[in-house]
Amino acid sequence: MLLRESPFPNRALVALDGLASGLLAPSFWAVNRLLDLQQTTAERRRQRQSRCGSCRGCTGQVLAGLAYSTLLLLSLPLAALGLLLWLPVQAARRPFAYQYTAGTAPAEPWDLRQRRSFTFISANVCLLPSGLAKFSNLGQTPQRATYIARHLAPAPPDPPSARASLVEPRRGETNSYGGTLNTPWQPPGSAPVEAAEPVPAVLSERFPADTDFICLQEVFEAGAAACLRRWLGGTFPHVISEVGARGLRGGQLKLLNSGLFLASRYPLLAVRYHGFPNGAREDALAAKGLLAVQVLLGSAQGQRIVGYVGCTHLQAPAGDAAIRDAQLTLGLRWLQQFREAQEQRGDVVAFDVLCGDLNFDNCSRGDELNQRHRLFEVYQDPCRRGPGQDAPWAIGTLLNYLKIYEEPVSTPEKLKRTLSQPAGQQQYLAGPILSSGQPDPAAPGPWQGRRVDYVLYRQHHGALPLQTEVAGVSFITQLATRSDHLPVALRLDVTPVSP
């Protein structure tokens, strides 16, 4: 499949979209600046510590609010004209943009007798416009986007053949997820853990340098997406961004895209996006859905070696478990349909992975409906033992957003050290909730925190010559003060099936 980079079929539509965006820009800028006047906890602390800062700050905010409100009122006629132009243009837009960076080597031949390793990252980076990000106690979206992009791609990549783990398959103890107990994977800067049970996790200060696939959520801001594409392009030649169908969709006005973003070292054979039809309340304004890609990993004896990666972000409000349940069911169906539509005779599937912020955990009573979904019968979660019970080494990925600037969690190193202790997890991770979203006072302690970010994999069945083994799981503290989520990394070993 040859992917067109632009989401529009011709330059005329590109120009019309640019014109519409330009007409909308003054109103968007004014609204964003108005929302950006609210302060994060760090900004309030700095203001209290400065002499006369409180009075001057309040006066400045009032004057700035009046100026932005005036600009917003004056720009409304332009915004109305821009919206009338923008809506029909979106109907002709493909629901994603594609970036290809030339100069990468073709897919390497694959020896099916050898082991290969692949690393996946999933992260909610909260790259909304700065004003909206303030509702999560964040802001400064351009600066955060630059930091995130630079650390996701810290160095030029090695060629895939040099990074492949081409060693003889190891035999080990079979674990409860159908893999084998291997030496724990520990990225640079990680804290040692005891291998008391299969697939022990580590807390790491750094993103793994050998990452093959990056799946991000909440990359809503256009400038942030462009920054990520620019920085990641040299390491990840294939990037999908601006995912989602905006405009009028199913009687709903979608002002934001899905926020999904995918970067791959390997060529993309097929890409498909499906939008959830049941978004509600504030989530209905975003084109949330499922992004699915088929990647070409190599070839062997005339057969394609392919992999499948899905990325999604489900309904957010805590009380919407039924909506999330329906979205999970749709996602499973779409993933299966995509795989059936794209597989060719003779294809060898190396892996099938689903990443995303599912907005429910495995410890809260309020999330019991979602914890029992059929998703966990099809895909396997290496951090999970069963409904309502995680492995003892797993920790939550949702931080207490009101405390993300406090000294014990203010740097990647400090955040890793703090979350390595049960007391730190209790204080700085979000705890179990009820279906209302309120903290659960009856939650047994010590709890491990709300793990809402997932990297799941699907084990192979049948006569396929390859099998998937979990090599390691990592919770990453690199984004301390830059996100209210911990990124998650999963490393899979793809090995030949033992005779």
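Before reading further, recall that the structure is shown in the block above.
Each value, and the rule that gives it
Residues numbered from 1 in each chain as written. Predicted model: local features only at pLDDT ≥ 70, side-chain atom pairs only at ≥ 80, totals over all residues. Heavy atoms only, no water. Core = buried A, V, L, I, M, F, W, Y, C linked by side-chain atoms within 4.5 Å. Buried < 20%, exposed > 50% of the residue type's maximum accessible area, 1.4 Å probe, protein only. Patch = residues over 30% accessible without salt bridge, like charges linked within 9 Å, V, L, I, M, F, W, Y side chains within 5 Å. Areas by Shrake-Rupley, 256 points an atom, 1.4 Å probe, with all protein chains shown as cover. Salt bridge = Lys/Arg side-chain N within 4 Å of Asp/Glu carboxyl O. Lys, Arg positive; Asp, Glu negative; His and termini not counted. Charge placed at Lys NZ, Arg CZ, Asp CG, Glu CD. Helix = DSSP H or I, 4+ residues; strand = E, 2+ residues; numbered from the N terminus. Polar contact = N/O pair within 3.5 Å; in protein donor to acceptor, adjacent residues only side chain to side chain. Contact = heavy atoms within 4.5 Å. Axes fitted to C-alpha atoms, helices over the stretch in contact; angles between N-to-C directions. Parallel < 35°, antiparallel > 145°, perpendicular 65-115°, else oblique. Left-handed = near helix turned anticlockwise from the far one by under 90°. Phe/Tyr/Trp six-rings, centres within 6.5 Å; stacked < 30°, edge-to-face > 60°. Lys NZ or Arg CZ within 6 Å of the ring centre and 35° of its normal. Pairing = 2+ DSSP bridges.

**Q** Sorry, what's going on with the nonpolar core here?
**A** Grouped burial of nonpolar side chains is what soluble globular proteins tend to show. Within the largest apolar cluster, 66 residues are counted, with the highest numbers of intra-cluster contacts made by Trp-110, Leu-297 and Phe-351. Counting residues in each nonpolar core, the second largest holds 26 residues, with Leu-152, Ala-153, Val-239 and Ala-263 among its members.

**Q** Please clarify how a positive patch on the surface should be interpreted in this entry.
**A** Together, Arg-44, Arg-45, Arg-46 and Arg-48 give the surface a local cluster of positive charge. Residue position: Arg-48 is located in helix α2 (residues 41-49).

**Q** What is the right way to look at the side chain of Asp-320 in this model?
**A** With respect to the secondary-structure elements, Asp-320 resides in the loop between β11 (303-313) and α8 (321-342). By relative accessible area, which is 7% here, Asp-320 ends up buried. At 2.8 Å, the side chain of Asp-320 and the side chain of Gln-315 are in polar contact. The residues contacting Asp-320, other than those within four sequence positions of it, are Arg-281 and Gln-315.

**Q** What exactly am I supposed to notice about the packing of helix α5 (residues 141-152) against helix α7 (residues 222-232) here?
**A** Two numbers describe a pair of packed helices, the interaxial angle and the distance between the axes. Here α5 crosses α7 at 25°, and the two axes come no closer than 9 Å. As far as their axial angle goes, α7 and α5 are roughly parallel. Classified by chirality, the crossing of α7 by α5 is right-handed. Note on element contacts: α7 touches α5 through Ala-224, Cys-227, Leu-228, Trp-231 and Leu-232, opposite Thr-141, Ala-145, Thr-146, Ile-148, Ala-149, Arg-150 and Leu-152.

**Q** Which parts of the structure should I look at to understand the packing of aromatic side chains?
**A** Here a ring pair, both rings aromatic, is described through the centre-centre distance and the interplanar angle of the planes. Across all of its chains, the model carries 13 aromatic pairs by this definition. Between Trp-29 and Tyr-68 the ring centres are 5.5 Å apart and the planes differ by 85°, which places this aromatic pair in the edge-to-face class. Taken as a pair, Trp-29 in helix α1 (residues 11-35) and Tyr-68 in helix α3 (residues 53-91) lie far apart in primary sequence, 39 residues in all. An angle of 20° between the planes, with centres 5.7 Å apart, marks the rings of Phe-276 and Trp-334 as stacked. Note that Phe-276 is positioned in the loop between β9 (268-275) and β10 (289-300) and Trp-334 in helix α8, a separation of 58 residues in sequence. Each member of the pair Phe-276 and Trp-334 is classed as buried. An aromatic cluster of three or more residues is present, and its members are Trp-110, Phe-118, Phe-120, Phe-213, Tyr-266 and Phe-351. Across from the ring centre of Trp-110, 4.5 Å away, lies the NZ or CZ of Arg-116, which sits over that ring. The ring of Tyr-379 has Arg-458 sitting right over it, with the charged end atom 6.0 Å from the ring centre.

**Q** In this structure, what is going on with the sheet that holds β10? I would like to understand it.
**A** Remark on secondary structure: sheet strands pair via backbone hydrogen bonds, oriented parallel or antiparallel. Sheet architecture is open: 5 strands sit in the order β9-β10-β11-β12-β15, paired in mixed fashion. Of all the strands in the sheet, the pair left with one neighbour each is β9 and β15 (453-457). Across the sheet, the axes of successive neighbouring strands diverge by a mean angle of 15°, strand direction being ignored. As defined by bridge partners, β10 adjoins β11 across 10 bridges and the pair is classed as antiparallel. Following the sheet pairing, Ala-292 is matched in β11 by Gly-310. Sheet contacts for α8: β9, β10, β11 and β12 (348-357); angle to β10, the most-contacted strand, approximately 35°.

**Q** What's the story with α7 in this structure? I'm lost.
**A** For α7, the complete set of buried residues consists of Ala-224, Ala-225, Cys-227, Leu-228, Arg-229 and Leu-232. If you follow the buried residues of α7, they end up packed against β1 (97-100), β2 (116-127), α5, β4 (213-219), β5 (238-241) and β8 (261-264). For α7, the side-chain oxygen to backbone nitrogen distance between the N-cap and Gly-223 is 3.0 Å, and the N-cap itself is Glu-221.

**Q** Sorry if this is basic, but what is going on with the environment of Phe-118 here?
**A** With respect to the helices and strands, the residue Phe-118 is situated in strand β2. Given a relative accessible area of 0%, Phe-118 falls into the buried group. Taking the C-alpha atoms as reference points, Phe-118 and Ala-471, separated by 353 residues in sequence, lie 9.4 Å from one another. Look past the residues within four positions of Phe-118 in its chain and what remains in contact with it is Trp-110, Asp-212, Phe-213, Tyr-266, Leu-297, Phe-351, Leu-490, Arg-491, Leu-492 and Val-494.

**Q** What is the right way to look at the pattern of salt bridges in this model?
**A** Where side chains of opposite charge bring their charged atoms close, a pairing between them can arise. For the coordinates displayed, the defined rule picks out 25 salt bridges. Arg-113 serves as the salt-bridge partner of Asp-111, at 2.9 Å between the closest nitrogen and oxygen. Residues Glu-205 and Arg-206 are paired through a salt bridge, measuring 3.9 Å at the closest nitrogen-oxygen approach. We classify Glu-205 as buried; its relative accessible area is 13%. Here Arg-206 falls in the partly exposed class, since its relative accessible area comes to 34%. Among the charged side chains, a network of salt bridges with common partners joins Arg-33, Asp-36, Glu-43 and Lys-134.

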